[in-house]
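Listed below are the residues making up each chain.
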Amino acid sequence: MEFKNIVVAVDGSEASQEALNHAVELARQSKCALTGFFIIDGGWPDFIGNDWQSSKGARQEFLDYIFKEQESQAEAARMQFEIAAEDINDRRFSILAGDPAEILIAQANAADTGMLVVGQRIFQVSGRPSLRSLSKRLVAKATRPLTLFP
Amino acid sequence: MSDTGFFQKLPRALPGLALIVITMVVIRNWLEPWMTNAVVFGTKGWLVKVTHLNYILLGIIMGMLYRNVVFGGKMPDVLSDGFKLSRLMIKTGIILLGSLYTFNAIVQLGSMAIFLIGGFVILTIIMVLWFGTMLGLDRSMIGVMANALSVCGVTAAVATSPGVEAKASHVAYAIATILGFGILTMFISPFIGHALGLSDLQYGAWIGTGILNSGQVLAAALAFNPNVAPGTAVSVAEIWNIMRVISIPFAVFAVTVWYWSGKEETEGGKRKGLGTLLVEKFPVFVIGFLGMVFLTSMGAFGDVGLKGGPAASETIKMMRLWMTWIFGFGLVGLGGYIDFKELRQAGGAPLKLGLIVGVTKYVLALVVVFLIKDYLVAI
């Protein structure tokens with residue numbers, strides 16, 4: 001089976017390494033484009049929405065801190081992608097922001113996604129406990145070919 | 001996010017606010033009276049007498065249902081700005097709550113609260129540092145859990161995380177654990193309080209000390225006794241809660257000192273001094289609350305209606321009525337921030353540590369309140 005574009009979710013941790021290696025191999029064999037992406041989780045303001053006592057400054061300092069953490073993780077993801085895919089000419093990496101579940105599902109249904117390759121524990125480094133069930137939600141809603149790695 | 005003022009944001013907040021207001025109006029005018037009169041299992045008012053569901057708990061439940069059932073796990077954008085205002089409503093309610101106290105009452109209640117809160121904060125921090133190390137948890141995770149479990153839940157986790165280099169996943173699991181435990185205790189505490197025949201003072205002191213998260217302290221107090229007046233559960237529990245909030249900068253300082261002890265500081269030193277922490281982390285609404293106490297003590301609103309004194313003035317009565325509505329609105333909104341997906345997925349060592357320390361603190365606070373009941377002075 002030939003693909004025009006292999007899309008892989010990368011988070012800079014071991015959770016995405018196997019999926020990334022597979023996506024790179026698939027892109028090599030199919031001689032197609034490889035797209036990697038990381039998602040900066042935009043769900044944190046809502047996640048701490050129950051906290052009504054923090055001063056505006058303390059709340060903002062916390063959100064800035066979490067954002068900075070995720071930016072570092074995004075850079076680690078970019079490095080992981082560049083190292084694994086260095087011999088693929090048609091490659092690109094993007095950093096997206098928003099709800100990881102919504103963005104992953106959108107990628108799994110995008111017309112230009114030949115195949116989406118994802119590790120089951122993807123984006124758990126971003127923290128929120130509900131991200132543990134990302135792959136389950138993805139399987140239920142993906143319409144494009146999808147490969148999940150443990 | 002655009003940095004716009006309150007009045008620019010207000011039109012966007014209207015749909016969410018309207019839903020909150022309509023929900024509380026329906027609960028207070030129709031649902032609660034219906035539950036009070038409904039005959040279930042042959043008993044009139046069984047739903048209220050046995051489940052202790054009053055407008056406060058019903059409001060939180062409705063908020064949770066909106067998010068998790070009606071809207072499938074996420075508040076629609078059109079409503080989210082209105083729900084964000086729930087934080088402002090609760091802060092406003094707490095500031096108005098200052099009208100329940102004179103300075104004398106604050107000194108009486110506050111001195112008891114300092115004794116209990118101070119003791120429990122120190123004891124809980126020590127317990128978390130010890131248990132956390134025994135469970136092999138990461139130092140930054142232990143630091144976040146120490147303050148979240150000892151001071152006031154999510155607020156303390158938010159204040160502590162940057163200073164102890166907490167990873168996002170550590171903070172998230174700590175918050176989910178604290179919230180889950182807080183919600184559980186919010187529903188069971190009124191049962192226990194009524195079953196044990198606790199007075200408002202004993203109950204307020206217990207939950208003000210034993211419940212981990214501040215939103216749930218407020219809700220559990222109003223669920224036990226929805227009246228807002230001097231000597232009611234909410235008037236006691238909130239003094240305890242304010243003592244906890246005031247201790248945040250000190251607890252953050254202590255835990256960051258522990259975290260950085262024997263550790264090389266990076267990026268020019270992240271540890272902040274106590275003065276800086278006091279400026280950055282001190283919740284401004286406490287000053288508003290104290291300002292209200294000052295005005296009340298000066299007689300700006302007329303008689304407060306303390307036990308044995310003259311009846312409360314009409315202004316004070318009206319302010320208390322407003323407070324019940326403001327808290328009702330605020331807690332519907334707060335319910336909308338409780339995401340079952342996040343709570344269901346919490347687990348691992350943070351949950352274990354949270355349960356061990358949380359249950360110990362909750363039970364121990366009840367035991368201590370019983371032991372010192374003769375020293376607790378009603379206002």
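Up top is the structure these notes are about.
So, how was this worked out
Throughout, residues of each chain are indexed from 1 in the direction in which the sequence is written. All chains are assigned letters beginning at A, and all ligands numbers beginning at 1, according to the order in which they are written. The model is predicted, so local features are restricted to residues of pLDDT at least 70 and side-chain atom pairs to those at 80 or more, both for listing and for counting; the totals for chains, interfaces and linings are taken over all residues. With hydrogens and water excluded, all non-hydrogen atoms of the structure serve as input to the side-chain values. Labels follow the DSSP assignment, with helices taken as runs of H or I lasting at least four residues and strands as runs of E lasting at least two, numbered in each case from the N terminus. Based on C-alpha atoms, the radius of gyration is set beside the globule rule, defined as 2.2 Å times the residue count to the power 0.38. Between buried and exposed lies partly exposed: a residue is buried under 20% and exposed over 50% of the maximum accessible area for its type, with that area taken using a 1.4 Å probe on protein chains only. When checking whether two residues touch, look at their non-hydrogen atoms; a contact exists if any pair is within 4.5 Å. Accessible areas in this description were obtained via Shrake-Rupley with a 1.4 Å probe; residue shielding takes into account the shown protein chains only. In this scheme, strands are said to pair when DSSP sees at least two bridges between them. The convention used is that axes are lines fitted to C-alpha atoms, helices contributing only their stretch in contact, and that angles between N-to-C directions extend from 0 to 180 degrees. By convention, the term buried area covers the 1.4 Å-probe accessible surface removed from two parts as they join, with the contributions of both added. By definition here, a salt bridge exists when the distance from a side-chain nitrogen of Lys or Arg to a carboxyl oxygen of Asp or Glu is within 4 Å. Counted as a polar contact is a pair of N or O atoms within 3.5 Å, where, for protein atoms, one must be capable of donating a hydrogen and the other of accepting one, and residues adjacent in sequence contribute only when both atoms are in side chains. Gly is placed with the polar residues, together with every amino acid not listed as nonpolar (Ala, Val, Leu, Ile, Met, Phe, Trp, Tyr, Cys and Pro) or charged (Asp, Glu, Lys and Arg).

K.L.:
Please clarify how the overall build of chain A should be interpreted in this entry.
P.N.:
Across its full length, chain A holds five helices and five strands. Of the regular secondary structure in chain A, the N- to C-terminal order runs β-α-β-α-α-β-α-β-α-β. Taken over the C-alpha trace, chain A has a radius of gyration of 16 Å; the compact-globule value for 150 residues is 15 Å, and the two agree within 12%. In terms of overall dimensions, chain A has C-alpha extents of about 55 × 30 × 25 Å along its principal axes. The buried share of chain A, reckoned over its 150 residues, is 55%. Partitioning the contacts of chain A with sequence separation of at least 6, the portion at a separation of at least 24 is 77%. Per element, the accessible surface of chain A, about 6,700 Å² overall, is 51% carbon and sulfur.

K.L.:
Teacher, can you tell me more about the sheet that holds strand β1 (residues 5-9) of chain A here?
P.N.:
Within a sheet, each strand pairs with its neighbour through backbone hydrogen bonds, oriented either parallel or antiparallel. Residues and elements named next belong to chain A. In space, the five strands of this open sheet follow the order β3-β2-β1-β4-β5, with parallel pairing throughout. Two strands bound the open sheet, and with one partner strand each, they are β3 (91-98) and β5 (146-149). For this sheet, the mean angle separating the axes of adjacent strands, direction not counted, is 20°. Note that strand β4 (residues 115-119) and β5 share four bridges and pair parallel. The partner of Leu 116 across the bridge, within β5, is Leu 146. Contacts from helix α4 (residues 100-109) reach β1, β2 (33-41), β3 and β4 within the one sheet, and its direction differs from that of β2 by about 160°.

K.L.:
Sorry if this is basic, but what is going on with the interface of chain B and chain A here?
P.N.:
One frequent convention defines the size of an interface as the accessible area lost when the parts assemble. On the chain A side, the residues contacting the 44 residues of chain B number 31 residues. Of the roughly 3,300 Å² buried at the junction of chain B and chain A (both faces included), carbon and sulfur atoms supply 55%. For the pair chain B and chain A, the interface holds three salt bridges. Residue Glu342(B) is joined to Arg128(A) by a salt bridge in which the shortest nitrogen-to-oxygen separation is 2.7 Å. Between chain B and chain A we count 15 residue pairs in polar contact (both at pLDDT 80 or more) in total. Counting only elements with at least two residues in the side of chain B that touches chain A, the list comes to α4 (77-97), α7 (153-160), α8 (168-195), α10 (214-224), α11 (233-246), α13 (274-281) and α16 (340-345) of chain B. Counting residues per element, the side of chain B that touches chain A draws most heavily on α8(B), at eight residues. Grouping the constituent residues of the side of chain B that touches chain A by class yields 22 nonpolar, ten polar and twelve charged.

K.L.:
Help me understand the pattern of salt bridges in this model?
P.N.:
In a structure, side chains of opposite charge can pair up when their charged atoms sit close to one another. Scanning all chains against the criterion turns up 14 salt bridges over all chains. For Arg28(A), the salt bridge goes to Glu25(A), with nearest N and O atoms at 2.9 Å. Highlighted residues: Arg28(A) and Glu25(A), both in helix α1 (residues 17-30), separated by three residues, approximately one helical turn. Exposure remark for Arg28(A): the relative accessible area of 36% places this residue in the partly exposed category. The closest approach of N and O atoms between Arg12(B) and Asp81(B), which form a salt bridge, is 3.2 Å. With Arg12(B) in helix α1 (residues 6-37) and Asp81(B) in helix α4, this residue pair connects regions lying 69 residues apart in the sequence. Judged by relative accessible area, Arg12(B) falls into the partly exposed class, the value being 41%. Look at the salt bridges and you will find they share partners, linking Asp46(A), Arg67(B), Asp339(B) and Lys341(B) into a network.

The quantities given are spatial measurements derived from coordinates; they are silent on function.
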